[in-house]
Amino acid sequence: MTSSSQLLIPLHVRYIQSLGENKDDLTYHLTAHLRMNAVYWGLTALCIMDHKDALSKDETIEYVMSCWVDEAGAFGPHPDHDPHLLPTLSAIQILVIHDALDRIDVPRVTKFILSLQQPSGVFAGDQFGEIDTRFLYSAVNALSLLDQLHQLDVEKTVSYIKQCKNFDGGFGAVIGAESHAAQVWVCTAALAILDRLDVIDQDTLAWWLAERQLPNGGLNGRPQKLEDVCYSFWVLSSLSVLRKVSWIDADKLTSFILSAQDTENGGIADRPGDLPDVFHTIFGVAGLSLLGYPGLVDIDPVYCMPANLIESKGLRKGWEALPRKAS
Amino acid sequence: MCVVSALGIVLNNEVPPLGIEILPGDASAWLPEGSNERPFLFEERNLGIPSKVLYRAYLEAVHIFAEARRTWHPISESNKTALIHSSSVILLANPAHQTALNARKRFVLSKSLHAEVDLCFNTALLSLPDASKQSIVWHHRRWLLRRLRNPTSPLLEAHEDTLDVINFSVEDLRQEFSIASRASEVYPRNYFAWTHRYLCMHSLLSTLRHQPSSSLLPSHHDLNALLMEECGWIKTWIDRHISDYTAMQYACQIFSIAAGMGKNNLSWASPPPDMSPDALLDIQGLRTHAQSLLHTYPERESLWMYFRDTFQMTGSPQERLDARSVVWGLVDFIRELLDTSAADSGQGTSALDKYDSINLHVCRFLAWLARQSHAIDMRPQNPLDILRGRCDYNALLDTLLTPLPQRRSTDIIPQMK
């Protein structure tokens, strides 16, 4: 009955609301390790669809605070899970969206974040030392939202990103790793926040990003891989920062994202026919927002948060999405 | 004994599984009746667990793990065992469970879990497709290797996940390569398996560059031989996995570093040596390899990107690409590709797709080549045209081939269709 040639907002809102309910024990426990991220993805998707209040603000904040690990001065993904930079960023983002940053012990969280920077400039995710440019971005984003960016050694941070630049102009997870659209985004966005886009070979990178579009309209994350809805965000947001979103065939990508919707139960999948999840839902909706899809709220491609919120905090950087269509 | 304990004993001992497989269905499909306490197969060191058994055990393990952590201080022996067993079962079903992995690190640090036992569990875990694509499982492996192979290194904590602090034996390196290869087979384009392989190679090269010859260390001769073996191996791998661009960019990375011109030279105590003629030959060999594969599979994006990368490996940025000399070498090849694909295009839908694909990649390649050249001012009207494969090839080839002194610097490439 419902067509997938338009974004089924009410259905997706209900899908996100239903994620909070225990569908079955197994699903809940198989995803506990990324619950904080999932709450941030769901909330941001609701904001972009202009349904921010579809989830209870108080319950969300209560959940966030239940994940605080006092010994570390950071957040875990779920109560009784270890603290880590990724859920700490998501916690900060959720609290910023709900204007509840006063719940955070800013000096302690700042200390936790800064303690994770390595001599080369990259960040570890936690005390056990896994390094990745994702964590570098998380640190830069978090410090920026906490208004503590002045405490960061910017030159050291930027120097690591420089060393991750590959033959093709892209960036990987660590020095020597293959260029990957998600890692390109974290490096590009981190450089945007630090006002160091000069590090990027902008033309070379823009071409690499635009070449991610496949004949079916979808975007992949690396050469010769399958299209996946989440790259609608990673690739498009990077291109927004480089002001080259027009290099993507917008109509074809829009059709691809819409075709990946679950038209019965809501949510968006990685590609048509697969099961939806909240990760692909936010990035599909965010991609559509950057493409100017009518009826959506602007998303800031650097922070992956509502654009007006980022602007109100004085954090907006130079980027350009497609203009919002009227209908 | 509950299933979690039964599995935990198998997974955490000195004769652990070599490989693990999750079998479809329930125990009844695989095991005789009465196997309730050990509803899994463990034969010739291969563990097979029916998926329904695993997910029931997972739920049990999650509760055991949470309960045991609540009574952490002080921790009893039975709680330690419960945590070690339950964490291993949790990771089988959910290898992204960072907290379970961290618990094991804590037990290794307190010596309640032998690092060698945990390394064996990690090896077995990496035989599972889901586990083999988790960055944390690979990081955990390197964390263990640093502790086992170089426990006194001052860099142990500030290590930045390098393996350069380890002087691997040839056998150890071969094992790491084998684990990375297996993971890249079970989960193609395995990003973290190839990163791990790269870090192992970096360690080998670091040993070759920095360590004086010593009877305590692997001989330089043997390590050099392994390096040459790997350079040959990677080309064979690429021949068998022509969509594996991750392998191709790995090849370019290690050939670059081996040739002494790697850009990622953080670990070198002194600047890399000048490139030898032999090394140049190796890089030319890589380009020839890429081009020969393109002859057979011109529709593969991965091979075009591989081909591009081989041009980026030589010379200084200024010398890197004289588009004219490159295109002279390629023009017959490209014209032949375009003619062949045009001839094939009348032979049905898949041939048409292949024709479109070849046109797309040739168009993008020529545009890329023009961008790399400093001699050509190329401003296509709309990048989308190139990205869609709409390109006047002959005009573009002719312009790329035009001798430089005869062209005015203000000449602009003819408009592309």
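Since this is a predicted model, take the numbers as computed values, not measurements.

Asks: Sorry, what's going on with the overall build of chain B here?
Replies: The secondary structure content of chain B amounts to 18 helices and three strands. Taking all 417 residues of chain B together, 55% fall into the buried category. Carbon and sulfur atoms provide 52% of the accessible area of chain B, an area that totals close to 18400 Å².

Asks: Looking at this structure, I do not really get the overall build of chain A. What am I missing?
Replies: Looking only at helices and strands, one finds 14 helices and four strands in chain A. Against the compact-globule benchmark of 20 Å for 327 residues, chain A has a radius of gyration of 19 Å, which places it among compact chains. Scored against the burial criterion, the 327 residues of chain A give a buried share of 66%. Within chain A, contacts between residues at least 6 apart in sequence are counted, and of these 68% link residues at least 24 apart. When the accessible surface of chain A is totalled, it reaches about 11600 Å², and 50% of it is carbon and sulfur. If the 25 positive side-chain charges of chain A are averaged to one point and the 41 negative ones to another, these points end up 5 Å apart.

Asks: For this particular structure, what's the right way to read the nonpolar core?
Replies: The nonpolar side chains of a soluble globular protein tend to be buried with one another. Membership of the largest hydrophobic core comes to 242 residues, with the highest contact counts inside it found for Ile113 of chain A together with Ile234 and Phe365 of chain B. Element by element, the count of residues in this core is highest for helix 9 (residues 181–193) of chain A, at eleven residues. A domain split of this core shows at least three residues from each of domain 1 (1–114) and domain 2 (282–417) of chain B. Not counting the four nearest positions on each side in its chain, Ile113 of chain A is found in contact with Leu85, Phe123, Ala139, Ala142, Leu143 and Leu146 of chain A.

Asks: In this structure, what is going on with the state of the cysteines? I would like to understand it.
Replies: Two cysteines joined by a covalent bond between their sulfur atoms form a disulfide. Applying the stated criterion across every chain, the model contains zero disulfides over all chains. Looking at Cys304 of chain A, it has no disulfide partner, and the nearest cysteine sulfur is the one in Cys47 of chain A, 11 Å off. Assessed through its relative accessible area of 2%, Cys304 of chain A is described here as buried. Here Cys120 of chain B stays free of any disulfide, with the sulfur of Cys200 of chain B as its closest cysteine sulfur at 16 Å. Residue Cys120 of chain B is classed as partly exposed on the basis of its relative accessible area of 25%.

Asks: Can you help me understand helix 5 (residues 85–97) of chain A in this one?
Replies: In an α-helix, one turn spans 3.6 residues, which is why side chains three or four residues apart end up on the same side. Residues and elements named next belong to chain A. End to end, helix 5 covers 18 Å across 13 residues, agreeing with the expected 18 Å (1.5 Å per residue, within 8%). Burial analysis of helix 5 places twelve of its 13 residues in the buried class, the great majority of the element. Inspection of helix 5 places Leu85, Pro87, Thr88, Leu89, Ser90, Ala91, Ile92, Gln93, Ile94, Leu95, Val96 and Ile97 among the buried residues, and these make up the whole buried set. Just downstream of helix 5, Asp99 is the residue with a positive phi angle, here 55°.

Asks: I keep staring at unusual backbone geometry and nothing clicks. Help me out?
Replies: Where the residue is not glycine, phi is negative for most of them; where a peptide bond is considered, it is trans in most cases. Residue and element names in this part refer to chain A. Phi at Asp147 takes a positive value of approximately 60°, unusual for a residue other than glycine. Among the structural elements, Asp147 can be located in the loop between helix 7 (133–145) and helix 8 (154–163). In this model, Arg243 sits at a positive phi of 55°, which is unusual for a non-glycine residue.

Asks: Sorry, what's going on with the environment of Leu384 of chain B here?
Replies: Mapped onto the elements of the fold, Leu384 of chain B is located in helix 17 (residues 383–387). Judged by relative accessible area, Leu384 of chain B falls into the buried class, the value being 11%. Discounting chain neighbours no more than four positions away, the residues touching Leu384 of chain B are Ser246, Trp247, Ile248 and Asp249 of chain A.

Asks: Would you mind showing me how to read the pairing of strand 3 (residues 46–50) of chain B here?
Replies: Two faces belong to every sheet, and in a regular strand the side chains alternate between them. Residue and element names in this part refer to chain B. With four of five residues buried, strand 3 is to be regarded as a mostly interior element. When strand 1 (residues 19–23) meets strand 3, the two strands line up parallel, connected through five bridges. Looking at the pairing, Glu21 lines up with Gly48 of strand 3. In sequence, strand 2 (residues 41–43) turns back onto strand 3 through a hairpin of two residues, with Glu44 there showing a positive phi of about 50°.

Asks: Sorry if this is basic, but what is going on with the packing of aromatic side chains here?
Replies: In this description, an aromatic ring pair is defined by two values, namely the gap between the centres and the angle between the planes. Across all of its chains, the model carries 23 aromatic pairs over all chains by this definition. Relative to Trp234 of chain A, the ring of Trp185 of chain A lies with its centre 5.2 Å away and its plane at 45°, an arrangement referred to as tilted. Placement of Trp185 of chain A in helix 9 and of Trp234 of chain A in helix 11 (residues 231–241) is noted, with a sequence separation of 49 residues between them. Centre to centre, the rings of Phe307 of chain B and Phe365 of chain B are 5.4 Å apart; their planes meet at 25°, and the pair counts as stacked.

Asks: Teacher, can you tell me more about the pattern of salt bridges here?
Replies: Two side chains that carry opposite charge are able to pair once their charged atoms sit near each other. Following the criterion strictly, the structure yields 33 salt bridges over all chains and no others. The salt bridge partner of Glu130 of chain A is Arg134 of chain A, with a shortest N-O separation of 3.9 Å. Under the relative-accessibility criterion, Glu130 of chain A is labelled buried at 6%. A relative accessible area of 27% places Arg134 of chain A in the partly exposed class. The partner of Arg388 of chain B in a salt bridge is Asp249 of chain A, with the nearest N and O atoms 2.7 Å apart. One end of the pair, Arg388 of chain B, is in the loop between helix 17 and helix 18 (393–401); the other, Asp249 of chain A, is in the loop between helix 11 and helix 12 (250–259), on a second chain. According to the relative accessible area criterion, Arg388 of chain B is partly exposed, its value standing at 35%. Here the salt bridges share partners, and the residues they tie into one network are Glu178 and Arg222 of chain A together with Arg189 and Asp244 of chain B.

Asks: Before we go on, may I ask you to explain the packing of helix 7 of chain A against helix 9 of chain A in this structure?
Replies: Relative orientation and spacing of two packed helices are given, respectively, by the angle between their axes and the distance between those axes. Residue and element names in this part refer to chain A. Direction vectors running N to C along helix 7 and helix 9 enclose 35°, while the axes themselves pass 9 Å from each other. Where helix 7 crosses over helix 9, the handedness of that crossing is left-handed. Where helix 7 abuts helix 9, its residues Thr133, Arg134, Leu136, Tyr137, Val140, Asn141 and Ser144 lie against Gln183, Trp185, Val186, Cys187, Ala189, Ala190 and Ile193. Here the contact of helix 7 with helix 9 is built from residues that sort into nine nonpolar, four polar and one charged.

Asks: Whenever I open this one, the confidence of the model for chain B confuses me. Can you help?
Replies: Low-pLDDT portions of the prediction should not be read for the details of their coordinates. All names here are of chain B. Residues with a pLDDT of 70 or more make up 78% of chain B, whose mean pLDDT is 81. Within the model, pLDDT remains below 50 along residues 316–320, and this stretch shows six contacts once partners closer than five positions in the same chain are excluded. Per-residue pLDDT stays below 50 along residues 404–417; that stretch engages in 25 contacts with residues further than four places along the chain or on separate chains. Predicted complex metrics record ipTM = 0.96 and pTM = 0.92.

Asks: Please explain the interface of chain B and chain A as it appears in this structure.
Replies: Bring the parts together and some accessible area is lost; that lost area is often taken as the interface size. Taken together, the contact pairs 53 residues of chain B with 50 residues of chain A. Together, the buried faces of chain B and chain A total about 4700 Å²; carbon and sulfur atoms form 54% of this surface. When the buried surface of chain B facing chain A is broken down by residue, Glu160, Arg189 and Tyr191 of chain B rank first, second and third, together holding 15% of it. For the pair chain B and chain A, the interface holds seven salt bridges. Between Arg189 of chain B and Glu178 of chain A there is a salt bridge; the shortest N-O distance is 2.8 Å. Put simply, chain B and chain A have 27 residue pairs in polar contact (both at pLDDT 80 or more) between them. Of all the secondary structure elements, the ones that give two or more residues to the side of chain B that touches chain A are helix 2 (51–70), helix 4 (98–109), helix 7 (135–149), helix 9 (191–210), helix 11 (245–258), helix 13 (301–312), helix 16 (349–372) and helix 17 of chain B. Tallying contributions element by element places helix 2 of chain B first for the side of chain B that touches chain A, with seven residues.

Asks: Help me out: how do you make sense of the side chain of Glu230 of chain B in this one?
Replies: Its place among the elements puts Glu230 of chain B in helix 10 (residues 220–240). Aside from chain neighbours lying at most four places away, what touches Glu230 of chain B is Phe177, Arg197, Met201, Tyr250 and Ile254 of chain B.

Asks: Quick question: what am I supposed to make of the sheet that holds strand 1 of chain B here?
Replies: Adjacent strands of a sheet form backbone hydrogen bonds with each other and so pair up, either parallel or antiparallel. Residue and element names in this part refer to chain B. Read from one edge to the other, the open sheet built from three strands follows the order 1-3-2, with strand pairing classed as mixed. Both outer strands of the open sheet, strand 1 and strand 2, are each paired with one neighbouring strand and no more. Going from strand to strand, the sheet's axes swing by 15° on average, the running direction of each strand aside.

Rules and cut-offs
Residues numbered from 1 in each chain as written. Chains lettered and ligands numbered in written order. Predicted model: local features only at pLDDT ≥ 70, side-chain atom pairs only at ≥ 80, totals over all residues. Heavy atoms only, no water. Helix = DSSP H or I, 4+ residues; strand = E, 2+ residues; numbered from the N terminus. Buried < 20%, exposed > 50% of the residue type's maximum accessible area, 1.4 Å probe, protein only. Areas by Shrake-Rupley, 256 points an atom, 1.4 Å probe, with all protein chains shown as cover. Rg over C-alpha atoms; globule rule 2.2 N^0.38 Å. Contact = heavy atoms within 4.5 Å. Lys, Arg positive; Asp, Glu negative; His and termini not counted. Charge placed at Lys NZ, Arg CZ, Asp CG, Glu CD. Core = buried A, V, L, I, M, F, W, Y, C linked by side-chain atoms within 4.5 Å. Domains from an automatic or database assignment. Disulfide = S-S within 2.5 Å. Expected span 1.5 Å × (residues − 1). Pairing = 2+ DSSP bridges. Phe/Tyr/Trp six-rings, centres within 6.5 Å; stacked < 30°, edge-to-face > 60°. Salt bridge = Lys/Arg side-chain N within 4 Å of Asp/Glu carboxyl O. Axes fitted to C-alpha atoms, helices over the stretch in contact; angles between N-to-C directions. Left-handed = near helix turned anticlockwise from the far one by under 90°. Nonpolar A, V, L, I, M, F, W, Y, C, P; charged D, E, K, R; others polar. pLDDT = per-residue confidence, 0-100. Buried area = accessible area lost by both parts, 1.4 Å probe. Polar contact = N/O pair within 3.5 Å; in protein donor to acceptor, adjacent residues only side chain to side chain.

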